[in-house]
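# Reading the structure
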Amino acid sequence: MPLDPKQRWALDCFYPGLVVSTEQLGVESFEAKTLVIHPRGEGIGLIQMELKCALKDKMQLAVVMQLKRKPGLPGFDPQLTSTDLTEWLYPYYSLDYSRRLSDATFRFDLDRNGPAHVHIKPNVKDHWPADQTTPDTRGMDPRAFVAMVAKFRRDKIYPVTRVIPKRKKP
Amino acid sequence: MRMSDLADCVETFEQTKAKLEKLEERLASQYGLNIRSAVLRRTLLEMDSARLLADGSLLADWQATYSRYQSWVEDSWSVDPKPKPAEPEKTEKQEAAYAASALLCVAVFGRLDTVRQHAVGPEAALGA
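Residues numbered from 1 in each chain as written. Chains lettered and ligands numbered in written order. Predicted model: local features only at pLDDT ≥ 70, side-chain atom pairs only at ≥ 80, totals over all residues.

## Remarks on the overall build of chain B
Operational definition: Runs of H or I in DSSP of at least four residues are treated as helices and runs of E of at least two as strands, each being numbered from the N terminus. To sort residues by exposure, count the other C-beta atoms lying within 10 Å of each residue's C-beta; 20 or more gives buried, 12 or fewer gives exposed, and values between give partly exposed, all with C-beta atoms placed from the backbone. Throughout, a residue-residue contact means that the two C-beta atoms, derived from backbone geometry, are no farther apart than 7 Å.
Across its full length, chain B holds six helices and zero strands. Helices (α) and strands (β) of chain B occur, in sequence order from the N terminus, as α-α-α-α-α-α. Counting only residues that meet the buried cut, chain B has 24% of its 128 residues in that class. Pairs at least 24 apart in sequence give 68% of the contacts found in chain B among residues at least 6 apart.

Structure follows, in structure tokens:
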């Protein structure tokens, strides 16, 4: 199944190059997901974009980005072909590379019920703080995530490591 | 792309709320939670914080929809400088008591499906 045209428009507008670099991973099919928009005035106040696809080797890639216009700014005019990402807040995101969602190879999340966290080896069920990883994955651009996936698939070197905070001496 | 071209993507507050409640009903059914909707959200949030909800597309959909719902709530509060709580204070306490009792059951009995059997009413949990 091809990518929904409105999802494609939004992803190209907010993250130019993301869809192309994802396709280069070897996409078998995209999952049908509807773009979600909350209006603000005559424009867009919030947008939820989803790029979910099955790869030819049975792995999955899922990018869900929720962007909210910063307070005080007018709604985004969708006739514009690009946007300044600093004008948006990121209340929710999920960047997942896995065989299935419940068993991530690695996943970076932010939701309303806690701080940004990652699911990484050796225990992918664990919520490890995103500010205690190398690299720091907080607010990662999805294009950087796809580049990370591509490098991992090529080099087989696990791309994220935990940083254990040093204990303070008594 | 014009705004009118995106009309079918626009989600109203009522639609977000309805989607959220539907997802919460499905989660409640999955975990055997037989509690009323006003309390259910808080219970699910507590369970999520305690990592008692299994990863999967249902949980991810609920978290994303809850975030959109909260966005509506934030926007409505920023418009009204003195917003009034939707429900009286006593109800808030009752909700907290229901949520606490549900979590207590999970902690004590170690099984989510026992919540339905052992959850106590708000008056009992508040010591009334």
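And the narrative resumes.
## Side note on the overall build of chain A
Regarding its fold elements, chain A presents three helices and ten strands. For chain A, the succession of helices and strands along the chain, N to C, is α-α-β-β-β-β-β-β-β-β-β-α-β. Its C-alpha atoms give chain A principal-axis dimensions of about 55 × 45 × 25 Å. Counting the 170 residues in chain A, one finds 34% classified as buried.

## Examining the packing of helix α1 (residues 13–31) of chain B against helix α2 (residues 37–49) of chain B
All names here are of chain B. Threshold: Here an angle of 0 to 180 degrees is reported between the N-to-C directions of two axes, which are lines fitted to C-alpha atoms, with helices fitted over the stretch in contact. Here roughly perpendicular refers to angles of 65 to 115 degrees, roughly parallel to angles under 35, roughly antiparallel to angles over 145, and oblique to all remaining angles. Amino acid classes used here: Ala, Val, Leu, Ile, Met, Phe, Trp, Tyr, Cys and Pro are nonpolar; Asp, Glu, Lys and Arg are charged; the rest, including Gly, are polar.
Close contact between α1 and α2 brings their axes to 10 Å; oriented N to C, the two are set at 70 degrees. Put simply, α1 runs roughly perpendicular to α2. Judged by residue contacts, Glu21, Glu24, Leu27 and Ala28 of α1 engage Ser37, Leu40, Arg41 and Leu44 from α2. When its residues are assigned to classes, the contact of α1 with α2 shows four nonpolar, one polar and three charged.

## Things to note about the interface of chain B and chain A
Counting residues at the interface gives 24 residues for chain B, matched by 28 residues for chain A. Mapped by element, the contributors of at least two residues to the side of chain B that touches chain A are α2 and α3 (57–79) of chain B. The dominant element in the side of chain B that touches chain A, judged by the number of residues it contributes, is α3(B), at ten residues. Across the side of chain B that touches chain A, the residue classes tally to ten nonpolar, eight polar and six charged.

## Notes on the nonpolar core
Rules: To count as a nonpolar core, a set of buried Ala, Val, Leu, Ile, Met, Phe, Trp, Tyr and Cys residues must be joined through C-beta atoms within 7 Å.
Residues Leu11(A), Ile37(A), Ile47(A), Met49(A), Leu51(A) and Val63(A) are the most contacted members of the largest nonpolar core, which totals 42 residues. Among all residues touching Leu51(A), those that are not within four sequence positions of it are Gln7(A), Leu11(A), Leu18(A), Val19(A), Thr22(A) and Val63(A). Residues Leu33(B), Val39(B), Met47(B) and Tyr66(B) belong to the second largest nonpolar core, which totals eleven residues.

## Observations concerning the environment of Arg26(B)
All names here are of chain B. In this fold, Arg26 is placed in helix α1. For Arg26, a count of 13 C-beta atoms within 10 Å translates into the label partly exposed. A C-alpha to C-alpha distance of 11 Å links Arg26 and Leu40, two positions 14 residues apart in sequence.

## Details of unusual backbone geometry
Residue and element names in this part refer to chain A. Lys121 connects to Pro122 through a cis peptide bond whose omega is 15 degrees. By secondary structure assignment, the location of Pro122 is in the loop between β7 (114–119) and β8 (128–129). Omega for the peptide link from Thr134 to Pro135 comes to -5 degrees, which places this bond in the cis form. Take Pro135: it is sitting in the loop between β9 (133–134) and α3 (142–155). The phi torsion at Lys58 lies on the positive side, around 75 degrees, for a residue other than glycine. As for its position among the elements, Lys58 is in the loop between β3 (43–55) and β4 (60–69). Residue Lys58 is classed as exposed on the basis of its C-beta count, with 9 C-beta atoms lying within 10 Å.

## A few points about the environment of Gly75(A)
Residues and elements named next belong to chain A. Along the chain, the position of Gly75 falls in the loop between β4 and β5 (88–100). On the basis of neighbour count, Gly75 is assigned to the partly exposed category, with 17 C-beta atoms found within 10 Å. In sequence terms Gly75 and Gly43 are 32 residues apart; their C-alpha atoms lie 4.1 Å from each other. Excluding residues within four positions of it along the chain, Gly75 makes contact with Pro39, Arg40, Gly41, Glu42, Gly43, Ile44, Gly45 and Arg69.

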